[in-house]
Amino acid sequence: MGLFGRGGQSGRERRAMRDHLDELDEMRRTRLAELGKTTGEMASVGKFDHARLSEQAAEVVKIDREADLIARGLEEGLTLQELEDLARAGEESGSRSR
Amino acid sequence: MRKGALKKKQKQLEELLLDRREALGELVLGMYVQNSWDDDLLARGSAEVAEVETELNELIAGNEPSGPSTTEKDFPVTGEHRLPSGPDAPETSEYTAEHSVPASGEYTAEHSLPESTEHDYPETGEYTAEHSLPESAEYTAEQPLPDAPIEQTKPSRAERKLEKKRRKEEERRQKEEAEAREAKQRAAEAEAARAAARKAAEEKAAETGDTENKPDPVPAEPNSSPVPAPAPPSATAPTPSATASVPSAVPRAEDDRPSTGITGDASGGDSPERGGKAIDVPPPPAPPKPEPTDPLDVLEKQLDESEARAKTAIEAAKASLKTDTQTELSAITREVETGRNDLDEALKKAAAAIASAEEKAAKAEAKLLRETAAGRESAAEWVRSQAAEIEADAALAAEMTRDGAPESEGPDPVTAARVASLEAELAAEKASKEEALTKAAARLQEIERNAKLAEARVEAAEHAAAEAKAKAEISARSSSTSAATDKASEAESREAAVNWLRGQITALRQEISKGDSTDPGGK
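Predicted, not measured: the structure shown is a model, and the values here were computed from it. (Residues numbered from 1 in each chain as written. Chains lettered and ligands numbered in written order. Predicted model: local features only at pLDDT ≥ 70, side-chain atom pairs only at ≥ 80, totals over all residues.)

1. Thoughts on the overall build of chain B
When you go through chain B residue by residue, the secondary structure sums to 14 helices and 0 strands. Split into buried and exposed, the 523 residues of chain B put 12% on the buried side. Long-range contacts, defined here as pairs at least 24 residues apart, represent 64% of the contacts in chain B between residues at least 6 apart. (Helix = DSSP H or I, 4+ residues; strand = E, 2+ residues; numbered from the N terminus. Buried ≥ 20, exposed ≤ 12 C-beta atoms within 10 Å, placed from the backbone. Contact = placed C-beta atoms within 7 Å.)

Take a look at the structure:
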């Protein structure tokens, strides 16, 4: 590990995480725009389909969660493996809580 | 408007549309997170998006939009703009776009709040640049507190982390509890096993003491020693039969010495002087068994213990084997029964399948028979039709034979001979014609030669005549009478040459005509 290394995280992993975070941001914007468009279309019809809107919003929430996870990985210097474990643990706890 | 400006405006509008859509999406997301849908708010947001979209469409269509453009309105991209507006004051007071708020955001009571006809600002004037309302209790009196922002309902990373930690802690605690329970259970089992072993060892010791008639220095001691408490009932403990199979030693010894044990209840009844007192008074604690000091004794004791342990284990194993065998037997019986049932069912199914197959086979056979019969019939018909056709052909052939046998029978020898003779004739004729032609050609050549000779002679005669004429002229000059005779002789010679020539030509013509008549097909 280098002198300025952050935990077990390598530079490549860090870069990959940053790139992925950027991708997620972009994806979030796109999804939000789609959500807005769908809402506009529903407004033009005069009826809002909450279920459909919820579906799309849930996707954005998922993206947010993933972005949070990646951001945490960057902050805490976690490796990709650790992040994966964390994500799995989160999923398991989520499913258990459900 | 210039083209460049239009393009720029279009770009601005596109960006604005995208921003507004995103803002609307954020709004929907917030509603989803809070799980409180406000269709009115959604409709307003959608109207704003639609406004920009319409303007953009008009611009693309080439119609310059009239009035103030939406791009000129400075809307933030957060989606917090255009919340309920108008005379009814916003509840959240999160407005930013409509007011020009100083960047410092240090609004206090000292500053005059921006004049706005749309909103009623609270008198406290504690608005910051972000318009986030203070969380203090000062806000309750003047106006209702704004709804909690979306971010508050959505747990932050730190909160989630804490929650996860708490969950992990709880899981760990549960795990520890489970492990403790398990350990306790295991200890109980071990204790039971140990007790059983000890009991078995004691029995063994008692047995050896009886058989060998060894004088026991303290015969009552082992029996009077407190019998180890029975092991607590455990599901995993060895079967009770392991200890039940060797119950003889201790009770017998107790029977021999009824006064020492608690179980001497009946014997107490037998001895009148003790009566019920034996029950009331607990037996004195037995002195501890003296530890053998002799290594041989120690070894013997160890051997006994190990033997007892082994015996117990064997018995336990036997018992478990027995129970296992019984269980296994019953399981096997059940399996056999199930298998038999299955087999019966399978047999029934097979029988049904066989019956259906037989039925199908019978049907198929009948069908085959029918088809075979039909096939035979059709084959016979075909044969009949073929025979009829053959007969018709034969009749036709016979008729044709009758009508034109010579034609049908190949070349006739007579005809062939005739043809051959004709051909031979033709060949001979050709040959004779060719011969005649050759002859004629030769004759012609001869005639030509002769003609040439005659011409030469004529020329010679003419020459001679000319000479004679010249001579005659010369002589005429000399004598007129001799001239006349010269002329007459010249005419006579000329006449003779022409006559000869005419005769030659006539003969030649006759020759040619003769050759033609002898070879009519020749050339």
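That was the structure; now back to the text.
2. Some remarks on the overall build of chain A
Looking only at helices and strands, chain A features 3 helices and 0 strands. When its helices and strands are written in sequence order, chain A yields α-α-α. With 98 residues in all, chain A has 26% of them scored as buried. Pairs at least 24 apart in sequence give 70% of the contacts found in chain A among residues at least 6 apart.

3. Description of the interface of chain B and chain A
Facing 21 residues of chain B, the contacting portion of chain A comprises 19 residues. Residue assignment for the side of chain B that touches chain A shows that the elements contributing at least two residues are helix 1 (3–34), helix 2 (39–61) and helix 5 (157–212) of chain B. Of the residues forming the side of chain B that touches chain A, the biggest block, 10 residues, is contributed by helix 1 of chain B.

4. Considerations on the packing of helix 1 (residues 11–45) of chain A against helix 2 (residues 50–76) of chain A
All names here are of chain A. One way to put it is that helix 1 packs onto helix 2 with a least axis distance of 9 Å and a crossing angle of 160°. As summarised for this structure, helix 1 and helix 2 are arranged roughly antiparallel, according to the angle between their axes. For the crossing formed where helix 1 meets helix 2, the hand is left-handed. (Axes fitted to C-alpha atoms, helices over the stretch in contact; angles between N-to-C directions. Parallel < 35°, antiparallel > 145°, perpendicular 65-115°, else oblique. Left-handed = near helix turned anticlockwise from the far one by under 90°.)

5. A few points about the packing of helix 1 of chain A against helix 1 of chain B
Two elements in contact, helix 1 of chain A and helix 1 of chain B, have axes separated by 7 Å at closest approach and are oriented at 85°. Judged by the angle between their axes, helix 1 of chain A and helix 1 of chain B are roughly perpendicular. Residue-level inspection shows A:R29, A:L32, A:A33, A:L35, A:G36, A:K37, A:T39 and A:G40 of helix 1 of chain A in contact with helix 1 of chain B, the latter providing B:L18, B:R20, B:R21, B:E22, B:L24, B:G25, B:E26, B:V28 and B:L29. Here the contact of helix 1 of chain A with helix 1 of chain B is composed, by residue class, of 7 nonpolar, 4 polar and 6 charged. (Nonpolar A, V, L, I, M, F, W, Y, C, P; charged D, E, K, R; others polar.)

6. Some points on unusual backbone geometry
Residues and elements named next belong to chain B. The phi torsion at N35 lies on the positive side, around 55°, for a residue other than glycine. Considering the arrangement of structural elements, one finds N35 in the loop between helix 1 and helix 2. The class of N35 is exposed, set by 9 C-beta atoms lying within 10 Å.

7. Looking at the nonpolar core
Among the nonpolar cores identified, the biggest contains 28 residues, and A:A57 and B:V28 are the most heavily contacted of them. Elements with a minimum of two residues in this core: helix 1 and helix 2 of chain A together with helix 1 and helix 2 of chain B. Ranked by residues supplied to this core, first place goes to helix 1 of chain B with 10 residues. Contacts of B:V28, omitting those with residues within four sequence positions, involve A:L35, A:T39, A:L53, A:A57 and B:L42. (Core = buried A, V, L, I, M, F, W, Y, C linked by C-beta atoms within 7 Å.)

8. Structural notes on helix 2 of chain A
All names here are of chain A. Taking 1.5 Å as the rise per residue, helix 2 with 27 residues should run 39 Å; its terminal C-alpha atoms sit 38 Å apart, in good agreement. All of the buried residues along helix 2 are L53, Q56, A57, V60, I63, L69, I70 and G73. Just downstream of helix 2 lies G77, where phi reads positive at about 70°. (Expected span 1.5 Å × (residues − 1).)

9. Section: helix 2 of chain B
All names here are of chain B. Counted at 1.5 Å a residue, the expected span for helix 2 with its 23 residues is 33 Å, and the 31 Å between its end C-alpha atoms agrees. Taken together, the buried positions of helix 2 are occupied by L42, G45, S46, E48, V49, V52, E53, E55, L56 and L59. The positive-phi residue at the C-terminal boundary of helix 2 is G62, with phi of around 105°.

10. Let's talk about the confidence of the model for chain B
Residues and elements named next belong to chain B. Per-residue confidence for chain B averages 70 on the pLDDT scale, and 57% of its residues sit at or above 70. Segment residues 211–278: pLDDT under 50, and 75 contacts once partners within four positions in sequence are set aside and those in other chains are kept. The complex model carries a pTM of 0.30, and its ipTM stands at 0.85. (pLDDT = per-residue confidence, 0-100.)

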